[in-house]
Amino acid sequence: MVTSSAPGKVYLFGEHAVVYGEPAVPCAIERRARITAERRGDDRLRVNATDLTLDGFTVEYDGDATGTPDVDVAEPLLEEGMGYVNEAIEQARDAADAPDAGFDVTIESSIPLGAGLGSSAAVVTAAIDAATRELGVELDAAEIADRAYHVEYEVQDGQASRADTFCSAMGGAVRVESDDCRRIDDVPNLPFVIGYDGGSGDTGALVAGVRDLREEYDFAADTVGAIGDIVRQGEQALEAGDLEELGELMDFNHGLLSALGVSSRTLDAMVWAAREGDALGAKLTGAGGGGCIVALDPDDGTETALRYTQGCESVFRAELDTEGVRVES
Ligand SMILES: Nc1ncnc2c1ncn2[C@@H]1O[C@H](COP(=O)(O)OP(=O)(O)OP(=O)(O)O)[C@@H](O)[C@H]1O
Ligand SMILES: C[C@@](O)(CCO)CC(=O)[O-]
Ligand SMILES: [Mg+2]
């Protein structure tokens, strides 16, 4: 039996645009998904994911090696919920050359689902690590990142960047531009405050919405390009440790994401509350549609403002997590 964990993330800049080859800077945060994988005597996969509810079901998933579900839940719903874990286990079987390996998998996570904090990437990354180790194979973080990317790519219908999965596998602040993925060293202390509206967005649908806009209007394509410019400027501000400029660029980045249609009423309300609470800057994080915003604020103002904001369900600070995927003792 092996337990591995991997962190979630916030985007300082660049989500969505990164899907079209612009750079992005996600940062791992100290909230993790923990996956325990135990080899079974047969080729079946049983997943116990108590955080995941589908229309009121708590999912206990029973599938054989080909992933055929054996529970009384409509298959599309189950696919949606279990696709990431299923594909991650497929990657582990492939890496260990053990196509018939069965597992009991347990998922525990402190990352809200579908809320822009990279829960899918953390679950996939930790699952690949735990299941391969259980099969006696140790992959390096770069290979786990690569395999996890292919899982997100498959499950999100061919629309995914390497950003979330690379960040979760490596930890720290990273820079991803197409296939070029690297860690950023010597980042200043980033005082992240997160506001969560309790909701979620559909990553696949939101990415598809931006793709359609980009194809329809040149100015939407230009907006995606402008997000890339913000990221390049933001990298210089990060290197200089200039938190004021980082904040200003985050505000700008939120405006452009909003123009691309991926914000929401509560995300906008939380962003404005953070600004009124004297945050250095604030933006939605991840796919959007609902879920979380991230603000930069070394003082209490943003937390206080968000606590009084209608639609904001919880507020918490997040520290940069310099560790990526790891085996738990
Ligand atoms: N604790 C968990 N247990 C089981 N599955 C999980 C868990 N957390 C996440 N998942 C899987 O990840 C999916 C959510 O991924 P999605 O990409 O939509 O959101 P996210 O990764 O949290 O946000 P974003 O991609 O915007 O950062 C869930 O529907 C589920 O399939
Ligand atoms: C919206 C997106 O850019 C980030 C989701 O966390 C999608 C992706 O990069 O795969
Ligand atoms: Mg995701």
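Small disclaimer: the values here were computed from a predicted structure and weren't measured. (Residues numbered from 1 in each chain as written. Chains lettered and ligands numbered in written order. Predicted model: local features only at pLDDT ≥ 70, side-chain atom pairs only at ≥ 80, totals over all residues. Heavy atoms only, no water.)

**Observations concerning the sheet that holds strand 9 (residues 281-284)**
Strand order in this open sheet of 4 strands is 9-10-8-11, and the pairing throughout is antiparallel. Each having just a single partner strand, strand 9 and strand 11 (314-318) make up the two edges of the open sheet. In this sheet, neighbouring strand axes are inclined to one another by 20° on average, regardless of whether the strands run parallel or antiparallel. Two elements, strand 8 (residues 192-196) and strand 10 (residues 292-296), share 5 bridges in a ladder whose sense is antiparallel. Within strand 10, the position partnered with tyrosine 196 by the bridge is cysteine 292. Of the strands in this sheet, strand 9 and strand 10 are in contact with helix 7 (residues 243-259), which crosses strand 9 at around 35°. (Pairing = 2+ DSSP bridges. Helix = DSSP H or I, 4+ residues; strand = E, 2+ residues; numbered from the N terminus. Axes fitted to C-alpha atoms, helices over the stretch in contact; angles between N-to-C directions. Contact = heavy atoms within 4.5 Å.)

**Here we look at the confidence of the model for the protein chain**
Mean pLDDT over the protein chain works out to 93, with 91% of the residues at or above the 70 mark. Across residues 64-68, where pLDDT falls below 50, the model places 11 contacts with residues more than four positions away in sequence or in other chains. This complex was scored by the predictor with a pTM of 0.94 and an ipTM of 0.98. (pLDDT = per-residue confidence, 0-100.)

**A word on the pattern of salt bridges**
If you walk through the whole model with that rule in mind, you get 24 salt bridges. Of the charged contacts, one joins aspartate 94 and arginine 147 as a salt bridge, the two residues approaching to 2.9 Å between their closest N and O atoms. Placement of aspartate 94 in helix 1 (residues 75-95) and of arginine 147 in helix 3 (residues 141-155) is noted, with a sequence separation of 53 residues between them. The class for arginine 147 is buried, based on a relative accessible area of 13%. Between arginine 162 and aspartate 179 there is a salt bridge, with the nearest N and O atoms lying 3.2 Å from each other. Note that arginine 162 is positioned in the loop between helix 3 and helix 4 (163-170) and aspartate 179 in the loop between strand 6 (173-177) and strand 7 (180-184), a separation of 17 residues in sequence. Where salt bridges share partners, they join Arg34, Glu108, Glu323, Arg326 and Glu328 into one cluster. (Salt bridge = Lys/Arg side-chain N within 4 Å of Asp/Glu carboxyl O. Buried < 20%, exposed > 50% of the residue type's maximum accessible area, 1.4 Å probe, protein only.)

**Some details on the UniProt feature "domain: GHMP kinase N-terminal" (unreviewed entry) in the protein chain**
Per the UniProt annotation, the sites labelled "domain: GHMP kinase N-terminal" (unreviewed entry) are residues 84-172. This span, residues 84-172, is 57% helix and 8% strand, and a straight line between its end C-alpha atoms measures 23 Å. (UniProt positions renumbered as here; feature names shortened; annotations may be inferred.)

**Let's talk about the site of ligand 1**
Lining the immediate surroundings of ligand 1 are 23 residues, of which Lys9, Gly81, Gly114, Gly118 and Ser119 lie closest. At a separation of 3.5 Å, an oxygen atom of ligand 1 approaches a polar backbone atom of alanine 115. At a separation of 2.9 Å, an oxygen atom of ligand 1 approaches a polar backbone atom of glycine 118. Considered on its own, ligand 1 offers 630 Å² of accessible surface; in the complex 92% of this is hidden by protein. At the level of secondary structure, the elements contributing two or more residues to the shell around ligand 1 comprise strand 3 (45-54), helix 1, strand 5 (103-109) and helix 2 (119-134). For the shell around ligand 1, the per-class residue count stands at 10 nonpolar, 9 polar and 4 charged. Two domains share the shell around ligand 1, each providing at least three of its residues, namely domain 1 (2-185) and domain 2 (192-318). (Near = heavy atom within 4 Å. Polar contact = N/O pair within 3.5 Å; in protein donor to acceptor, adjacent residues only side chain to side chain. Areas by Shrake-Rupley, 256 points an atom, 1.4 Å probe, with all protein chains shown as cover. Nonpolar A, V, L, I, M, F, W, Y, C, P; charged D, E, K, R; others polar. Domains from an automatic or database assignment.)

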